[in-house]
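# Observations on the model geometry
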Amino acid sequence: MKKVIFGLIALCLCFNSEARNVVKTFKVEDGNYRVTAVLGSKKSAGDTWVKAEQRRLCFENIHTKKGEFKTITFVVNKRSPYINENMNINIEEKEKGYENWDDVLTIDFCGDNPQVKDVQIEKIDDAITMFLCGNSTVTDWNKEAYASWGQMIPRWFDDKVCVANFAESGERTSTFISSNRWAAVMERAKKGDYILIEFGHNDQKEKEPGCGAWYNFSYNLKRMIDEAKKKKCQVVLVTPAARRKFVDGKVPNTHGEYLDAIKAVAERENVPVLDLNTMCCVLYEAIGEEGSKKIMVHYPANTFPNQEQAIADNTHFSTFGAYELAKCIVVGLKHLRLPLADHIVGEWQGFDPSQPDDWQQWQWPVNIKF
């Protein structure tokens, strides 16, 4: 396939005064793209992080010595609201400015001293696509302070797997279907792809007749499973991430019957369950009631640009927390022994939620435009 070897290039300052971003954009059609980048410089050592589109983590802190060059490859999903001639995704007003929906593929080289010599992209059709369906705990957040495991999961897969994250804040199984997000997934999915589905946070807020874990919610999950099976895709149901709440040192179930409903549907339909909820509880309890604030969005006022008020959010995740949850997802996929796990990157060193990483060692290049 023809390679695109040049695009629009922009340089923007990061929030950290010593950091900068080199942003390259390519005006291309929807699809999966393999990106090949040469990092390094003859003049300077480099420390480069790579993000794509809306803050999706692809590589972290790649060090190059002065005169040293390293070549990396990864895949990125570029999409628009277009589904077909008769249908578009009904994106919300707030989403219209998102990089996930624009007409260019964006690659962001950032960090303390990013060094980029060359970038090429190539449209590909043979990558395994991992579609993500869910809510704010999965979506590609557009602003700093917040993140999700869906934004961090690309970090842990090789260039044979492309993550296509269709999750959005506030979504329930019913609205994910009615907004045509599910239709967009089905339009793009092909035999051998994976579809990870995590709902429950917002579904449990539905109080209308016919709603509930065992009714509308279970029916919608079955509908998605049935349609995915027709496309010969592998569905994985993911139990919803736990909210941060402690009772006598333990994290209780805040999702009611929805956890059991997910497992019951999975058993009936013979699809695997990745129990993220249980791993979250182990993770929070391991780091402790106070320490677990570092997993969530708990920040004093003015920690980030345009953040005038303090934040104490026990549902959504910091970049560190999202990174830890992404590791939980990887552990879960390995435990399920799915072929997808064969594409976990070689530098993966394993993870035990009962022994979380040290949050004090966490780094994340913050971009002021977010």
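A brief report on the enclosed structure follows. What you are looking at is a predicted structure, and each value in this text was computed from that prediction instead of being measured.

### Concerning the overall build of the protein chain
- A count of helical and extended segments in the protein chain gives 7 helices and 18 strands.
- Seen through its principal axes, the protein chain has C-alpha atoms that stretch 65 × 50 × 40 Å.
- Taken over 370 residues, the protein chain has a buried fraction of 59%.
- At a minimum sequence separation of 6, the contacts of the protein chain that also span at least 24 residues come to 77%.
- For the protein chain, the accessible area works out to roughly 16,200 Å², and carbon and sulfur atoms hold 49% of it.
- One finds the centroid of the 48 positive side-chain charges in the protein chain at a distance of 4 Å from the centroid of its 51 negative side-chain charges.

### A closer look at the sheet that holds strand 13 (residues 161-165)
- The strand order across the open sheet formed by 5 strands is 13-12-14-15-16, and the pairing between neighbours is parallel. Every interior strand has two partners, whereas the edge strands, strand 13 and strand 16 (273-274), have only one.
- Both strand 12 (residues 128-134) and strand 13 contribute to a ladder of 5 bridges, which runs parallel. Paired with L132 across the two strands is N165, which belongs to strand 13.

### Observations concerning helix 3 (residues 181-188)
- Listing the buried residues of helix 3 in full gives R181, W182, A184, V185 and M186.
- Among the structural elements, strand 8 (82-84), strand 12, helix 2 (173-178), strand 14 (194-198) and helix 4 (213-230) are those in contact with the buried residues of helix 3.

### Details of the pattern of salt bridges
- Applying the stated criterion across every chain yields a total of 25 salt bridges.
- A salt bridge links R188 to D30; the shortest N-O distance between them is 3.7 Å. One end of the pair, R188, is in helix 3; the other, D30, is in the loop between strand 3 (20-27) and strand 4 (31-40), with 158 residues separating them in the sequence.
- Between K94 and E168 there is a salt bridge, with its nearest N and O atoms 3.6 Å apart. A residue pair is termed long-range when its members are at least 10 positions apart, and K94 in the loop between strand 9 (87-88) and strand 10 (104-113) and E168 in the loop between strand 13 and helix 2 qualify at 74 residues.
- On the accessibility criterion, K94 (43% relative accessible area) is partly exposed.

### Describing the packing of helix 6 (residues 276-287) against helix 7 (residues 319-335)
- Relative orientation of the contacting elements helix 6 and helix 7 amounts to 130 degrees, with a least axis distance of 10 Å. Between helix 6 and helix 7, the angle is such that the two are oblique. For the element pair helix 6 and helix 7, the recorded crossing hand is right-handed. Within the contact between the two elements, helix 6 uses L276, M279, C280, L283 and I287 and helix 7 uses F320, E324, L325, C328, I329, V331 and G332.
- Counted by class, the contact of helix 6 with helix 7 contains 10 nonpolar, 1 polar and 1 charged residues.

### Things to note about the nonpolar core
- By size, the foremost hydrophobic cluster in this structure holds 59 residues, and its most contacted members are W149, F157, L276 and Y284.
- Looking at which element gives the most residues to this core, the answer is helix 7, with 9 residues.
- Apart from the residues within four sequence positions on either side, L276 is in contact with W149, E198, V238, T239, A241, L325, C328 and I329.
- Within the second largest apolar cluster, 34 residues are counted, among which are Y98, F176, A189 and A261.

### Overview of the side chain of D313
- Considering the arrangement of structural elements, one finds D313 in strand 18 (residues 311-317).
- An unpaired buried charge is present at D313: no salt bridge exists, and R243, the closest side chain of opposite charge, is 8.1 Å distant.
- Looking at D313, its side chain comes within polar contact range of the main-chain nitrogen of T315, at 2.8 Å.

### So, the packing of aromatic side chains
- A full pass over the atoms with the stated rule returns 14 aromatic pairs.
- On the numbers, 6.2 Å between centres and 85 degrees between planes, the contact of W49 with W362 is edge-to-face. Of this pair, W49 sits in strand 5 (residues 46-52) while W362 sits in the segment after helix 7; the two residues are 313 residues apart in sequence, bridging distant segments of the chain. Each member of the pair, W49 together with W362, is buried.
- The structure contains a cluster of three or more aromatic residues connected by ring pairs, namely W49, W156, F320, Y323, W348, W362 and W364.
- Residue placement shows R155 over the ring face of W156; its charged tip is 4.3 Å from the ring centre.
- The side chain of K294 reaches across the aromatic face of W359, ending 4.3 Å from its centre.

Calculation rules
- Residues numbered from 1 in each chain as written.
- Predicted model: local features only at pLDDT ≥ 70, side-chain atom pairs only at ≥ 80, totals over all residues.
- Heavy atoms only, no water.
- Helix = DSSP H or I, 4+ residues; strand = E, 2+ residues; numbered from the N terminus.
- Buried < 20%, exposed > 50% of the residue type's maximum accessible area, 1.4 Å probe, protein only.
- Contact = heavy atoms within 4.5 Å.
- Areas by Shrake-Rupley, 256 points an atom, 1.4 Å probe, with all protein chains shown as cover.
- Lys, Arg positive; Asp, Glu negative; His and termini not counted.
- Charge placed at Lys NZ, Arg CZ, Asp CG, Glu CD.
- Pairing = 2+ DSSP bridges.
- Salt bridge = Lys/Arg side-chain N within 4 Å of Asp/Glu carboxyl O.
- Axes fitted to C-alpha atoms, helices over the stretch in contact; angles between N-to-C directions.
- Parallel < 35°, antiparallel > 145°, perpendicular 65-115°, else oblique.
- Left-handed = near helix turned anticlockwise from the far one by under 90°.
- Nonpolar A, V, L, I, M, F, W, Y, C, P; charged D, E, K, R; others polar.
- Core = buried A, V, L, I, M, F, W, Y, C linked by side-chain atoms within 4.5 Å.
- Polar contact = N/O pair within 3.5 Å; in protein donor to acceptor, adjacent residues only side chain to side chain.
- Phe/Tyr/Trp six-rings, centres within 6.5 Å; stacked < 30°, edge-to-face > 60°.
- Lys NZ or Arg CZ within 6 Å of the ring centre and 35° of its normal.

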